[in-house]
Structures are given as C-alpha cells and as structure tokens.
Amino acid sequence: MKGTKGTVTAVNGNMVDVRFDGAVSMNEVCYVRVADKRLKSEVIRIRGDVCQIQVFEITKGIAVGDEVEFTGDMLAVELGPGLLGQVYDGLQNPLPRLAQATGHFLERGVYLPPLPEDRRWDFTPSVSVGDRVARSDALGTVPEGAFSHRIMVPFGLLGTYAVSSISPAGSYKVGDRIAELEDSKGAKVPVTMSFTWPVKRAVDCYEERLKPVDPMVTRVRLIDTFFPVARGGTYCIPGPFGAGKTVLQQITSRFADVDVVIVAACGERAGEVVQTLKEFPELVDERTGRSLMERTIIICNTSSMPVAAREASVYTAVTLAEYYRQMGLHVLLLADSTSRWAQAMREMSGRLEEIPGEEAFPAYLESTIAGFYERAGIVRLKDGSLGSVTIGGTVSPAGGNFEEPVTQATLKVVGAFHGLSRERSDARKFPAIHPLDSWSKYGGIMDAGKVAYAHGFMRRGSEVEQMMKVVGEEGTSIEDYVIYLKGDLVDSVYFQQNSFDEVDAAVKPERQIYTFNKLLRVLGSRFSFPDKNEARVWFNRLRQRFLDYNGSKWQDERFVALEKEIDGTVEKQSQGLEAAVEKLLA
C-alpha cells in the first residue's frame, strides 16, 4: 500500500479530511506536508475515496490542497533493548533527545528514533544454526540494567523458521543484523535486535492465559489487606482533583512487587509530570540498589500537548508492557488519567459527527475502555515462565461524581476499586481511599475472615458516627460509642499511612500481618469503661502508641518496647476476647 497519495479537502481542529487515490486502511499512519514539515497522523474513518485522519500535532498552517502521504504501516512502536529509563511522548519520541535537537519548546514534525542507535549491547546467542524457532522465541540476550533482555523473533513472523545464521557473542548496535531466518519456502528473513509492533493489536505470543490469583504487594496497608490487587489484574483509582491519586500512584510504583514500571501520563497536568521526572532518577530502588528510573518507562503526554496523542500514549504504554511481559517479567502499568483520554475520544467523536452517548461521550466508550484493561493479565510463556501486566488507571470525575460514564465504564471491567474521597482528603487522611465505598474481587495477603471482622467495625462505627451527628454523643450508649472508637482506631493506625515517613511509607507483608493480628486483639477485646470520656482518653492514648509503633523500625529496641507497652495497656483493660476473634487467631 506504500505510495498512496492524497490531498487535504477540509480541516476541523485536529481532524483532517483527505481525498486519496489508491488503497488506504484503518489506523494506517500518514503524514500531512505543511511547508517543510511532515505531521504524523492516523486514519480513523474511510468513506469511499475520502478518509478522516487525526493529526497528532498542532494543525496550524494546514490548508486545503496540501499533500498527504500514506505509509501503509499501522501506528506502531519500536521494541528492543534501550527502552528502560526512557521518557517518551505518546508517539515514542524520546523527549530528552528531542529537547536537545529542537530546544525546550518542542517543534512539531520532528521524529527521532526511539532506541539509541549508537549504543552497543553485549549480545549472547542462545540458538544455533539449524534450530527451529517461532515468533517470540529468544535468539539471545543482552544485559539491560538488572535484567537479561531477550532478543526475540519478531512477533509478526508467523509459522516456524530455521536459523540459517546467528551472530557470535559480541558487541552490536540495535540496527545490526544478529540472525537470519529461513521459512518453509526458503526465503531469508534478516533479524536485528529491534522490530516494530502495532500498538492497537495485543501481543498474544504465549501458551496460556491464567487467572490472576497471587496478590501484587504494594506495601500500602489499606490496599494489601483490605482491597488487594492481583498480579496480572486490573484496578482503578477514581477521585476528585487533589485527593491524592498521583501520590498514591508514585508510592505504588516505588514499592510494588514488580520488575518493570510504566507510567503513562495521558493528559495529566504538566506540573505533576515534571515532579515525577525530577524525583524518579533520584530515588534508589531497594530491589536493585540503583536508580528507580532504570526499571521505569515514562510515556509523557501532558494536558498541554495535542489531544489526539493521548489515545496513542495509552496504547504505546500497554504495548511496551506486553513486550517486557514476553520476557517473563512482571510489569505494572499506571495510566494517569483515563478520564482525559476519554475526553479526547469525546472530542474526536464530536468532530466525526457520531451519535453521542451519555454526557456526549461516544457510544463505544465502554468497549474501548474494556479493550484497554483486557490487555492486562498473567500468562504462561512457551518456556514455562510466567509474565504479567497489571494495569492501574486513575479516573478524574468532575466534582468527584462516581456516577459519570467513564467511572462507571471502568468499574464494569476492573477487579478492584479504590475510590478516593474528598471528605477523607480534606481531613488529611491519606491514602484517601474510602473504606466503605471501595472493594476488591481479589484475594490478598490476609485471611478473609479477619479482614471481614475488622471491616465490620469500620461499617458499624460509621453508622454510630452518623447517628451521633443527629442525637449527639450523649444520646449514644457506651457500647455503641466503644464500637465507634474501635472503628476510628482501625482508620487511624492501619488505614492511614505516612508516605513521607522512612518506615511507615512502605510496610512489608510480614509486618502488615503481624500488626493486623495485634490490632485484631484490640477489636475483639471486651472493654468496660465508667463513661465515654474515660473510653475516649484510653483509645486516644492507645492510638498514639500504635502510631509510634508504626514509625519504629521492624523488631528494633523501640519497636519491642512499644509492643510491650501496647500489650500491657490492652491486657490491663480487657475483660477477655470475643469467641469469634479467638477462633480467628487460633
């Protein structure tokens, strides 16, 4: 299909009508010529000999009659060693190198190679001449940071091939030929360290897709214990502006039990993205002892960039995630925020004059969001190893309204819902995940019976609190008031977590289980107080001891001393355990 030409017939924002002569296909990449610039675009609708294309750049200067060149290729990314540590825009342009080439005010129509072409990689072959290989099979490896990067047979080569030549161990560039494959008809296919793959086609080079079961530990107590996320699962974080979505995502990316983190800033405000770019290179990854950026890829498409590129940035990110999954690695993809991606879809749908759905979003909003989240999963590869892609997306509903279409469409497909609350964020309760609105379909690190028992105090405590707002504290019985205080204790010492504390910012699973069992004894103890003031004072003192306990290093002298103090305080006041708790702790 290469060589098809067209001319511009109409311009409507970033949508351009083109009359073409030849063959054109959906999602094909084309370039609009404006003076000496070539603006990258994608075909989004075809009607007869006229197609609509969305331009990924500012369309200023495009006029009727301008030439359009169709490439015959789908919108694709380049895959190979050198992706980790990079900062790309939605079209996989390396932004640092782009800034060096054009200055900090990026010029349109400038596209650079995504992978460093002059860097050499130490290649070690893993196949021999005569071996039979298929797509995604490893031809060799190169070291990339802390990982062994597999140089694979390109995903687009169907069938089996014979290795007719393979380069010996040595130092090569990504564009150097490292192997030659021969198909059943004798045709030779040269293979380099890199290849391209269309972003809107899921990578399916695996033996079996498995059910997500094992928890992905985030070290955030509220998530790991109450609303867990499975490795290879999906979750969403909806919440109003300023409720802590970005901070929660950054904490997750730093401490989650995954190998590779991909951050897709699709329409996020530039200030928050800049903060991420400044902080990540300075953070030390405790898994490797190196910079956290060495196992991170950032796809940066801020709200000040062209709207059409937001969609591309989401698909670029998930394709890179699937690529590293094919190496047997566990990848976490954080999309921030899918609401702005949906707004871009709404804008383009309006220009296409499609029949609008709820709140003018396109009728296919739900299927598009579902298609994105369905690319998460845990798979068994051909060599028996497991790889996974876990997707977490933030949603920014206007006014914190969870009934709006993007949030509702997301809730239908994800496995966990971490709803952020304006009320909790205003009260400085972070993470501001609402404990009664949120839920998870996955199993976590804690026994489900214990979690349900503790969660019951949150629910009953909230009911008592609402009742006290009506009848006052004096109209509440001492028994109900103690239930309220127990629920508040769980909220204060277990749900809330100090992201800026060296110890409390990230809590390992063994410590979470240990602390939760200790807290469970408090919840299951029968207490007797002469009045509500005595009960309030006692629980406030216990809460402060627990907070000090959370901030002390695991099993050091201060930790042990505070633990004895907590145990002594509870034992002195307790009149025994409830039978249900004795059974749970047995």
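Going by the structure above, here's the rest.
So, how was this worked out
- Per chain, the residues get numbers from 1 upward, laid out in the order the sequence is written.
- Only residues with pLDDT of at least 70 get local features here, since the model is predicted, and only at 80 or more are side-chain atom pairs given and counted; chain-wide, interface and lining totals rely on the full set of residues.
- Working from all heavy atoms in the structure, the side-chain values ignore hydrogens and water.
- Patch membership needs two things, relative accessible area over 30% and no salt bridge, and members are linked within 9 Å if like-charged or within 5 Å if nonpolar (Val, Leu, Ile, Met, Phe, Trp, Tyr).
- Here, Shrake-Rupley sampling with a 1.4 Å probe gives the accessible areas, and only protein chains in the shown set may cover a residue.
- By definition, a salt bridge exists where a carboxyl oxygen of Asp or Glu is found within 4 Å of a side-chain nitrogen of Lys or Arg.
- Labels follow the DSSP assignment, with helices taken as runs of H or I lasting at least four residues and strands as runs of E lasting at least two, numbered in each case from the N terminus.
- Any Phe, Tyr or Trp ring, taking Trp's six-membered ring, that has another such ring centre within 6.5 Å forms a pair; planes under 30 degrees apart are called stacked, those over 60 apart edge-to-face, and the others tilted.
- Relative accessible area decides the class of each residue, using a 1.4 Å probe on protein chains only: under 20% of the type maximum gives buried, over 50% gives exposed, and in between gives partly exposed.
- Either the NZ atom of lysine or the CZ atom of arginine qualifies as a charge over a ring when it sits within 6 Å of the ring centre and within 35 degrees of the ring normal.
- Between the first and last residue of a helix there are one fewer steps than residues, each counted as 1.5 Å, and that sum is the expected span.
- Note that the arc is defined by the directions from the helix axis to the C-beta atoms.
- In this analysis, two residues are considered to be in contact whenever any of their non-hydrogen atoms come within 4.5 Å of each other.
- For the purposes of these results, a polar contact is taken to be a pair of N or O atoms within 3.5 Å, where, inside protein, one atom must be able to donate a hydrogen and its partner to accept one; residues adjacent in sequence count only when each atom of the pair is a side-chain atom.
- One bridge is not enough; two strands pair if DSSP finds at least two bridges between them.
- Joining through side-chain atoms within 4.5 Å is the link that ties buried Ala, Val, Leu, Ile, Met, Phe, Trp, Tyr and Cys residues into a set, and such a set is a nonpolar core.
- Axis angles are defined between N-to-C directions and span 0 to 180 degrees, where every axis is a line fitted to C-alpha atoms and, for a helix, only to the segment in contact.

1. Some details on a nonpolar patch on the surface
Logical step 1: A contiguous nonpolar patch, built from M467, V470 and V471 and spanning about 270 Å² of accessible area, is present on the exposed surface.
Logical step 2: Considering the arrangement of structural elements, one finds V470 in helix α10 (residues 448-471).

2. Section: the packing of aromatic side chains
Logical step 1: Inspection of every chain in the model, using the stated rule, returns 31 aromatic pairs.
Logical step 2: Look at Y494 and F516: their rings are 5.3 Å apart centre to centre, the planes differ by 65°, and that puts the pair in the edge-to-face class. Here the residue Y494 occupies a position in helix α11 (residues 478-495), and F516 occupies one in helix α12 (residues 509-524), the gap between them amounting to 22 residues.
Logical step 3: Residue class for Y494 comes out buried when judged on its relative accessible area of 0%.
Logical step 4: Seen from their ring centres, W538 and F539 are 5.1 Å apart, and the 85° between their planes marks the pair as edge-to-face.
Logical step 5: Feature note: the residues F155, F195, W197, Y323 and Y324 constitute an aromatic cluster, connected by ring pairs.
Logical step 6: Between the NZ or CZ atom of R38 and the centre of the ring of Y31, over which it lies, the distance is 4.0 Å.
Logical step 7: If you follow R346 out to its NZ or CZ, it ends over the ring of F361, 4.2 Å from the centre.

3. Overview of helix α13 (residues 532-550)
Logical step 1: Helix length check: α13, at 19 residues, gives a terminal C-alpha distance of 27 Å against a target of 27 Å (1.5 Å per residue), a fit within 8%.
Logical step 2: Every buried residue of α13 is listed here: K532, A535, W538, F539, L542, F546, Y549 and N550. Taken around the axis of α13, the buried residues stretch over an arc of 125°, which confines them to a single face.
Logical step 3: Elements that come into contact with the buried residues of α13 comprise α2 (221-226), α11, α12, β27 (525-527) and α14 (557-573).
Logical step 4: At the N-terminal boundary of α13, the capping side chain belongs to D531, with an oxygen 3.2 Å from the backbone nitrogen of N533.

4. Some details on the pairing of strand β11 (residues 138-144)
Logical step 1: Two elements, strand β9 (residues 121-125) and β11, share two bridges in a ladder whose sense is antiparallel. When the sheet's bridge partners are listed, T124 is paired in β11 with T141.
Logical step 2: Direction of pairing for β11 relative to strand β12 (residues 147-152): antiparallel, over a ladder of six bridges. The partner of V142 across the bridge, within β12, is H149.
Logical step 3: With antiparallel pairing between neighbouring strands as the criterion, β11 and β12 make up a hairpin whose turn holds two residues, including G145 at a positive phi of roughly 65°.

5. A short note on the nonpolar core
Logical step 1: One finds I262 and Y324 to be the most contacted residues of the largest nonpolar core, which totals 79 residues.
Logical step 2: If you tally residues by element for this core, the top one is helix α5 (residues 309-325), at 10 residues.
Logical step 3: In this view, I262 contacts I297, I299, A317, L320, A321, V331, L332, L333 and L334; residues no more than four positions away in its chain are not counted.
Logical step 4: Listed in part, the 75 residues of the second largest apolar core include V110, L334, F529 and F539.

6. Some remarks on the pattern of salt bridges
Logical step 1: Taken as a whole, this structure holds 32 salt bridges when the rule is applied.
Logical step 2: With a shortest N-O distance of 3.4 Å, R38 and E69 are connected by a salt bridge. On the criterion of sequence distance, the pair formed by R38 in strand β4 (residues 37-47) and E69 in strand β6 (residues 67-74) is long-range, its members being 31 residues apart.
Logical step 3: The residue K382 makes a salt bridge to D137 at a minimum N-O spacing of 4.0 Å. Of this pair, K382 sits in the loop between β23 (377-380) and β24 (386-395) while D137 is found in the loop between β10 (132-134) and β11, placing the two residues 245 residues apart along the sequence.

7. Looking at unusual backbone geometry
Negative phi characterises most residues that are not glycine, and trans characterises most peptide bonds.
Logical step 1: Of note, the amide linkage connecting D336 to S337 takes the cis form, showing an omega dihedral of 0°.
Logical step 2: The residue S337 is located in the loop between β22 (330-335) and α6 (338-351) in this model.
Logical step 3: Residue F430 is joined to P431 through a cis peptide bond whose omega torsion reads -5°.
Logical step 4: Take P431: it is sitting in the loop between α9 (422-426) and β26 (439-440).
Logical step 5: Backbone geometry places N27, a non-glycine residue, at a positive phi of 65°.

8. Re the sheet that holds β9
Logical step 1: What the four strands build is an open sheet, ordered β12-β11-β9-β14; its pairing is antiparallel. Every interior strand has two partners, whereas the edge strands, β12 and β14 (170-172), have only one. Across the sheet, the axes of successive neighbouring strands diverge by a mean angle of 40°, strand direction being ignored.

9. Some remarks on the sheet that holds strand β16 (residues 188-192)
Logical step 1: One open sheet holds the four strands; their spatial order is β10-β13-β15-β16, and the pairing between them is antiparallel. What marks the edges here is a single partner per strand, and that holds for β10 and β16. On average, each strand axis in the sheet is inclined to that of its neighbour by 45°, with strand direction left out of account.
Logical step 2: Examined bridge by bridge, strand β15 (residues 177-182) and β16 share five bridges and lie antiparallel to one another. Opposite A179, over in β16, you have V191 as the bridge partner.

Everything listed here is a matter of geometry and, on its own, says nothing about what the molecule does.
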